[in-house]
Amino acid sequence: MNKARLYIGLVHHPVYNKHMEVIATSVTNLDLHDISRSATTYDLAGYFVIHPHQAQQRLVHEILRYWTDGYGAEYNPDRKTALERLHVVSTLEEAKTMIQSLEGQAPAVITTDARIYPNSISYHAMRQRLATGEQPWLLLFGTGYGMEKSLMEAADHILHPIWGRGDYNHLSVRSAAAIILDRLLGEAWFER
């Protein structure tokens, strides 16, 4: 069983668009629901949606209110349970500060990308660090065409890309999050 307290964050800014310009992406309803469900399945400490724009934050809060306090909470209690782990913040620093106040220490940051960086780490090695470490961790997923380079370079670790069998390498962030969480925290079926 992992000892680490793992949080995840979905970064909407600073990320790239297909022209490699830094932008803020729009919130996607499915990312809120599906990543929350994955976070709850793997018993994560929390899920942060990181977006600087107030209009997008209001949208997330409206969706959360419906599923955690409104008719949706009564209609689908399982969805309520999953979405209760979701927090909306404006910046990565705000998420890190919240984690530090909850855990008593700043989290180490792990990022993900479809590209390889010099300090990339394998899933096996990261899984071992999570299993033996006592510190909190913040695992970041980027939207759009990935997180801005300086954010990636500032991370403590960058996970290797997910490689499929074909040349196509552009999974939805909710699919990538589910695969990565299973690789890091799921049953070690590959050791049997």
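For the structure itself, look to the data block above.
Residues numbered from 1 in each chain as written. Predicted model: local features only at pLDDT ≥ 70, side-chain atom pairs only at ≥ 80, totals over all residues. Heavy atoms only, no water.

Enquirer: Just to check I follow, could you spell out the packing of helix H1 (residues 29-41) against helix H2 (residues 54-68) for this structure?
Expert: How two helices pack is summed up by the angle between their axes together with the distance between the axes. With their axes 10 Å apart at the nearest point, H1 and H2 run at an angle of 50 degrees to one another. When the interaxial angle is binned, H1 and H2 end up oblique. Note that H1 runs across H2; the crossing there is right-handed. Where H1 abuts H2, its residues Asn29, Leu32 and His33 lie against Val60, Ile63 and Trp67. (Axes fitted to C-alpha atoms, helices over the stretch in contact; angles between N-to-C directions. Helix = DSSP H or I, 4+ residues; strand = E, 2+ residues; numbered from the N terminus. Parallel < 35°, antiparallel > 145°, perpendicular 65-115°, else oblique. Left-handed = near helix turned anticlockwise from the far one by under 90°. Contact = heavy atoms within 4.5 Å.)

Enquirer: How do you make sense of the packing of aromatic side chains when you look at a structure like this?
Expert: Aromatic rings considered in pairs are described by the distance between their centres and by the relative angle of their planes. A complete count under the given rule lists four aromatic pairs for this structure. Their ring planes at 35 degrees and their centres at 6.1 Å tell us that Tyr7 and Phe48 sit as a pair that is tilted. Within this pair, whereas Tyr7 is found in strand E1 (residues 5-11), its partner Phe48 is found in strand E4 (residues 46-50), the two being separated by 41 residues in sequence. The exposure class of Phe48 is buried, given its relative accessible area of 1%. The interplanar angle of 80 degrees and the centroid separation of 5.6 Å between the aromatic rings of Trp189 and Phe190 together place this pair among those described as edge-to-face. Look at Trp189 and you get exposed, because its relative accessible area is 58%. A cation sits over an aromatic face here: Arg79 above Trp67, 5.3 Å from the ring centre. (Phe/Tyr/Trp six-rings, centres within 6.5 Å; stacked < 30°, edge-to-face > 60°. Buried < 20%, exposed > 50% of the residue type's maximum accessible area, 1.4 Å probe, protein only. Lys NZ or Arg CZ within 6 Å of the ring centre and 35° of its normal.)

Enquirer: For this particular structure, what's the right way to read H1?
Expert: It helps to recall that an α-helix has 3.6 residues per turn; residues three or four apart then point in one direction. A rise of 1.5 Å per residue sets the reference length of H1, with its 13 residues, at 18 Å; its end C-alpha atoms lie 19 Å apart and thus fit the reference within 8%. Turning to H1, its buried residues are Asp31, Leu32, His33, Ile35, Ser36, Ser38 and Ala39. For H1, the elements touching its buried residues are E1, E4, H2, helix H4 (77-83), strand E5 (86-89) and helix H8 (173-185). Following H1 by one or two positions, Asp43 adopts a phi angle in the positive range, close to 55 degrees. (Expected span 1.5 Å × (residues − 1).)

Enquirer: Even after reading the chapter, I still don't get the environment of His160, so can you show me in this structure?
Expert: Looking at the element boundaries, His160 is found in the loop between strand E9 (157-159) and H8. In this structure His160 comes out as partly exposed when scored by relative accessible area, which is 30%. The spatial distance from the C-alpha of His160 to the C-alpha of Ile8 is 17 Å, given a sequence separation of 152 residues. Among residues more than four places away in sequence, those in contact with His160 are Ser120, Ile121, Ser122 and Tyr123.

Enquirer: Sorry, what's going on with unusual backbone geometry here?
Expert: Peptide bonds are mostly trans, and most non-glycine residues show a negative phi. A cis amide bond links His13 with the next residue in sequence, Pro14, at an omega value of 0 degrees. With respect to the helices and strands, the residue Pro14 is situated in the loop between E1 and strand E2 (15-16). We note that Met20 has phi near 60 degrees; this positive angle belongs to a residue other than glycine. Tracing the backbone shows Met20 in the loop between E2 and strand E3 (22-23). Assessed through its relative accessible area of 44%, Met20 is described here as partly exposed.

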